[in-house]
Amino acid sequence: MAGLLQQVSLPGEEIPWLNEIRRRGRMVFEATGIPTAKTEAWKYTKPRELGGDDFVLALPSNNLDASIPNLAFDSYRICFENGIFNPRQSILPQGVEVLPLIEVIMFHPEYRTLINANIQLERFPFAALNSAYLNEGVFIHIDSKVEIKKPLTILYHTDNKNQNLLCNLHNLILLDEQASAKLIEYHCYKGELKSRYFVNVVNEIYLRRGAFLKHYKVQDEAFKSNHIALNCVDEASNAVYQAFCLQKGANIARNETHVLLKEEGAFAEINGAYVMNGWATLDTTTDIEHLAPNTISHQLVKGVIGGDAKGVFQGKIHIAPLAIKTEGTQLHKALLLSDTAEVDVKPELEIFADDVKCSHGAASGELDEDKLFYMRSRGIKEEEARRLLIDAYLEDVISKIEDEKIASWIRLMAK
Amino acid sequence: MTTPILEIEDLYARVGDKEIIKGFNLTINKGEIHAIMGPNGAGKSTLSNILCGKPGYEVTSGSVRFKGKDLLVMSPEERACEGIFLAMQYPVEIPGVPVTTFLKHAVNAIRKHRGQAELDTMDFIKMVREEGKKFKLDAEMIKRAVNVGFSGGEKKRLEALQMAVLKPDFAILDEADSGLDIDALKIVAEGINSLRDGRRSMLIITHFQRLLNHVVPDFVHVYADGHIVKSGGKELAVELEEKGYAEFEREK
Ligand SMILES: Nc1ncnc2c1ncn2[C@@H]1O[C@H](COP(=O)(O)OP(=O)(O)O)[C@@H](O)[C@H]1O
Ligand SMILES: [Mg+2]
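Computed from a prediction, not measured in an experiment: that's the story for all the values here. (Residues numbered from 1 in each chain as written. Chains lettered and ligands numbered in written order. Predicted model: local features only at pLDDT ≥ 70, side-chain atom pairs only at ≥ 80, totals over all residues. Heavy atoms only, no water.)

## Some details on the coordination of the magnesium ion (ligand 2)
All names here are of chain B.
Reasoning step 1: Looking at the metal site, the magnesium ion (ligand 2) is ligated by S45 (OG) and Q89 (OE1), spaced 2.1 Å from it. You can see S45 sitting in helix α1 (residues 44-52) and its partner Q89 sitting in the loop between β6 (84-87) and β7 (94-98), a full 44 residues away along the chain.
Reasoning step 2: Its relative accessible area of 21% is what places S45 among the partly exposed residues.
Reasoning step 3: Judged by relative accessible area, Q89 falls into the buried class, the value being 17%. (Donors = N, O, S within 2.8 Å, 3.2 Å for Na, K, Ca; no water. Helix = DSSP H or I, 4+ residues; strand = E, 2+ residues; numbered from the N terminus. Buried < 20%, exposed > 50% of the residue type's maximum accessible area, 1.4 Å probe, protein only.)

## Examining the sheet that holds strand β4 (residues 58-66) of chain B
All names here are of chain B.
Reasoning step 1: Spatially, four strands are ordered β2-β1-β4-β5 in an open sheet, and the strand pairing comes out antiparallel. Since the sheet does not close on itself, it has two edges, and those belong to β2 (18-29) and β5 (69-70), each with one partner.
Reasoning step 2: The sheet contact formed by strand β1 (residues 4-15) and β2 spans nine bridges and is antiparallel. Following the sheet pairing, I8 is matched in β2 by L26.
Reasoning step 3: Sheet contacts for α1: β1, β2 and β4; angle to β1, the most-contacted strand, approximately 115°. (Pairing = 2+ DSSP bridges. Contact = heavy atoms within 4.5 Å. Axes fitted to C-alpha atoms, helices over the stretch in contact; angles between N-to-C directions.)

## Considerations on the pattern of salt bridges
All names here are of chain A.
Reasoning step 1: The tally for this structure, following the rule as stated, stands at 39 salt bridges over all chains.
Reasoning step 2: For the salt bridge of D396 with K302, the shortest nitrogen-to-oxygen distance reads 2.9 Å. With D396 in helix α6 (residues 382-398) and K302 in strand β16 (residues 296-305), the pair connects residues that are 94 residues apart, well separated along the chain.
Reasoning step 3: According to the relative accessible area criterion, D396 is partly exposed, its value standing at 38%.
Reasoning step 4: Assessed through its relative accessible area of 4%, K302 is described here as buried. (Salt bridge = Lys/Arg side-chain N within 4 Å of Asp/Glu carboxyl O.)

## Looking at the packing of aromatic side chains
Residue and element names in this part refer to chain A.
Reasoning step 1: For the coordinates displayed, the defined rule picks out 13 aromatic pairs over all chains.
Reasoning step 2: Judged by centre distance (5.8 Å) and plane angle (55°), the rings of F80 and F85 are tilted. No difference in accessibility class separates F80 from F85, as the two residues are buried.
Reasoning step 3: When the ring of Y186 is compared with that of W409, the centres are 5.1 Å apart and the planes differ by 90°; the resulting orientation is edge-to-face. With a gap of 223 residues between them, Y186 in strand β8 (residues 180-189) and W409 in helix α7 (residues 404-413) connect regions that are remote in the sequence. Both residues of the pair, Y186 and W409, count as buried.
Reasoning step 4: Feature note: the residues F29, W42, F55, F126 and F198 constitute an aromatic cluster, connected by ring pairs.
Reasoning step 5: Directly above the aromatic system of Y76 lies the positively charged group of K150, at a separation of 4.6 Å from the ring centroid.
Reasoning step 6: One residue, R378, lies across the ring of Y374, its end atom 4.8 Å from the ring centre. (Phe/Tyr/Trp six-rings, centres within 6.5 Å; stacked < 30°, edge-to-face > 60°. Lys NZ or Arg CZ within 6 Å of the ring centre and 35° of its normal.)

## Comments concerning the packing of helix α1 (residues 16-32) of chain A against helix α4 (residues 125-132) of chain A
All names here are of chain A.
Reasoning step 1: One can describe the packing of α1 onto α4 by two numbers: an axis separation of 7 Å at closest approach and a directional angle of 140°. The handedness of the crossing between α1 and α4 is left-handed. The segment α1 lies against α4, with I21, R22, G25, R26, V28, F29 and T32 engaging P125, A128, L129, S131 and A132.
Reasoning step 2: Each residue belonging to the contact of α1 with α4 can be placed in one class, and the counts come to seven nonpolar, three polar and two charged. (Left-handed = near helix turned anticlockwise from the far one by under 90°. Nonpolar A, V, L, I, M, F, W, Y, C, P; charged D, E, K, R; others polar.)

## Overview of the site of ligand 1
Residue and element names in this part refer to chain B.
Reasoning step 1: Ligand 1 sits among V15, K18, I20, P39, N40, G41, A42, G43, K44, S45 and T46.
Reasoning step 2: Between ligand 1 and K18 there is a distance of 2.8 Å, counted from an oxygen atom to a side-chain nitrogen or oxygen.
Reasoning step 3: One nitrogen or oxygen atom from the main chain of G43 is found 2.9 Å from an oxygen atom belonging to ligand 1.
Reasoning step 4: Contact with the protein chains covers 61% of the free accessible surface of ligand 1, which is 560 Å².
Reasoning step 5: Across the shell around ligand 1, the residue classes tally to four nonpolar, five polar and two charged. (Near = heavy atom within 4 Å. Polar contact = N/O pair within 3.5 Å; in protein donor to acceptor, adjacent residues only side chain to side chain. Areas by Shrake-Rupley, 256 points an atom, 1.4 Å probe, with all protein chains shown as cover.)

## Remarks on the packing of helix α5 (residues 369-376) of chain A against α6 of chain A
Residue and element names in this part refer to chain A.
Reasoning step 1: Their axes nearest at 9 Å, the elements α5 and α6 cross at an angle of 125°. As far as their axial angle goes, α6 and α5 are oblique. Pair α5 / α6 crosses with right-handed handedness. Contact residues: α5 offers K371, L372, M375 and R376, while α6 offers E382, A385, R386, L388 and L389. (Parallel < 35°, antiparallel > 145°, perpendicular 65-115°, else oblique.)

## Some details on the pairing of strand β7 (residues 165-175) of chain A
Successive side chains on a regular strand alternate, one facing one side of the sheet and the next facing the other.
Residues and elements named next belong to chain A.
Reasoning step 1: For β7, the buried fraction is high: eleven of the eleven residues fall into the buried class.
Reasoning step 2: Taking every second residue as pointing to the same face, both faces of β7 are buried, with L165, C167, L169, N171, I173 and L175 on one and L166, N168, H170, L172 and L174 on the other.
Reasoning step 3: Where strand β1 (residues 56-57) meets β7, two bridges bridge the pair, whose relative direction is parallel. If you follow L57 over to β7, its bridge partner there is L166.
Reasoning step 4: One ladder, built from four bridges, connects strand β5 (residues 138-142) with β7; its direction is parallel.

## Some details on the domain arrangement of chain A
Accessible area lost during the coming together of the parts is what is often quoted as the interface size.
Residues and elements named next belong to chain A.
Reasoning step 1: Looking at chain A, the domain boundaries give domain 1 (16-263) and domain 2 (369-415).
Reasoning step 2: Relative to domain 2, the C-alpha centre of domain 1 lies at a distance of 30 Å.
Reasoning step 3: The partner domain 2 presents twelve residues to the 15 residues of domain 1 that form the contact.
Reasoning step 4: Buried surface at the junction of domain 1 and domain 2, both sides included, amounts to about 1,200 Å², of which 76% is carbon and sulfur.
Reasoning step 5: The largest contributions to the domain 1 side of the interface with domain 2 come from F73, Y216 and F244, which together make up 41% of the buried area.
Reasoning step 6: Across the domain 1-domain 2 interface, the total number found is two salt bridges.
Reasoning step 7: Between K214 and E402 there is a salt bridge, with its nearest N and O atoms 3.0 Å apart.
Reasoning step 8: If you look at where domain 1 meets domain 2, you find three residue pairs in polar contact (both at pLDDT 80 or more).
Reasoning step 9: Of all the secondary structure elements, the ones that give two or more residues to the side of domain 1 that touches domain 2 are β8, β10 (212-220) and β12 (240-247).
Reasoning step 10: At four residues, the largest contribution of residues to the side of domain 1 that touches domain 2 is made by β10.
Reasoning step 11: For the side of domain 1 that touches domain 2, the residue count by class is ten nonpolar, one polar and four charged. (Domains from an automatic or database assignment. Buried area = accessible area lost by both parts, 1.4 Å probe.)

In structure tokens, the structure reads:
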């Protein structure tokens, strides 16, 4: 475990509350360790490589002298370079609180109770690891009834030529009543395709009454990196959370979304796509808890897997006894492009209430030979025909993104 | 002077263990319209698929030359680029791919093969819309995914539209008339006739005479049990309609 848990000196050590969180994180991670196949939640995705590598926690000295990748749409920008917030590269909106998380912990103790409020560290070893180093990350606070029209993009740009960086990030996002925003997370790398690094993100999202968050993410990490993200979403009545995550990079990657629909009328739509031709494992894990009546959740995830790659989808819908008249749907589909490609799917429904609508489905298949021939018979080259069919396969999920500019960007990224 | 565009010589082909094409011979010259008529299951679609290079068929002997070149070694896309087009008996649905996108890729692939520049997207869409009108396929239908939610007749009209846009040198129309009501039949027939310019060749496959009343062929062949059992002029189609195929099947 020497690689991941190190003795480092971090800001804020004079704050007992922070020390306690870090101590507990360290303790839990020491006890759980890197999950193995024996851990039910990590049966298909095996991050064991993380045990072998020596990691160095990202520090401000690991600065990156790269230009920021261009975004295809107009956006505010919160930049992390090699795991460290860089205010100089960031473009922040007026009238919205965007602060380094550590500043909030130090100077606004009233927000501390939000941190790890819904996360049971024992269930999430990497969230425990994340807490052990709690420091980097941002706090985004949107006031009641404020609508941020322009998207807010968190850009994570990593290069790491020399060391195996551990980028440990914890973001806290709070939308007060009726606030609305679009959040984009873009994880990308510079230069070396073979960089090894580990991005470990925890996003805690609180949506107060009637708040509306659209959350888009593109995970395009270097091919030997690891990416583990936990999104923990807490929704009050009539809050709306719409998410789309495209995963296309990294060696081992998991995007896990845990939604708590705590009050009546809360709504969540968790969509996603993953595309991989190499040898990676791309994992999408969800856990939607319907805790109040009349709550709604929809999930649609589609994957395209070739080479020796593996897709994993674990989707759970939990409906608590009180949560009558709720609706939960889930669909996972995968297109397998080679004989060695693999998809593991684990849907789970736990229904403790009456009068609910709940459905789940999964399907996987290969590219349709008749469709391919039809296109080729019109002169379209086989490679191009395959490409068109793959794009078409993902189109129904990508087209659910309402913002056309963002949809085009994701469509392009998925190619 | 006649120039052969397609020369099929003593072709034998199978699907799995089943021999379907058995000693098929046919030469089509530039500008000629041939019709092949035959009962269900005779192997007409098998022949068209083999001519277009559909995987899954095994040619065991014989040869096919297209414009003098060995056709059987070419990939389906090469054949299309060389100028072959097949209007399929059962057009395929392609969810997520709009007709315009599909056709644009096809037209540009063929243009690229000929060393021509790609078409401008706006010009292209305008052109497809204009052509679409001829086949009573409006702008809304052309925006939809290929064949998805199209009725049987609309699918056939879309095949004809594709032919009109791709302007092949040689078109095979496999049961282009099946499932069409009389109005749609006329639309498709007009489309075919408008492409008939004395240089373009066609092979019309059908088991009814119906379409041949509107698109009058130069030659009619009766096809049964994997090969041509009788050839003649357009009057042969009428004879077939009266007598049925049984007679010819006995003749072989
Ligand atoms: N892929 C296939 N596998 C097995 N048999 C086939 C296949 N395709 C066609 N056949 C058989 O070949 C014969 C000819 O079929 P087809 O060419 O479709 O006839 P037609 O178009 O003249 O009605 C039929 O008996 C049919 O069942
Ligand atoms: Mg047929």
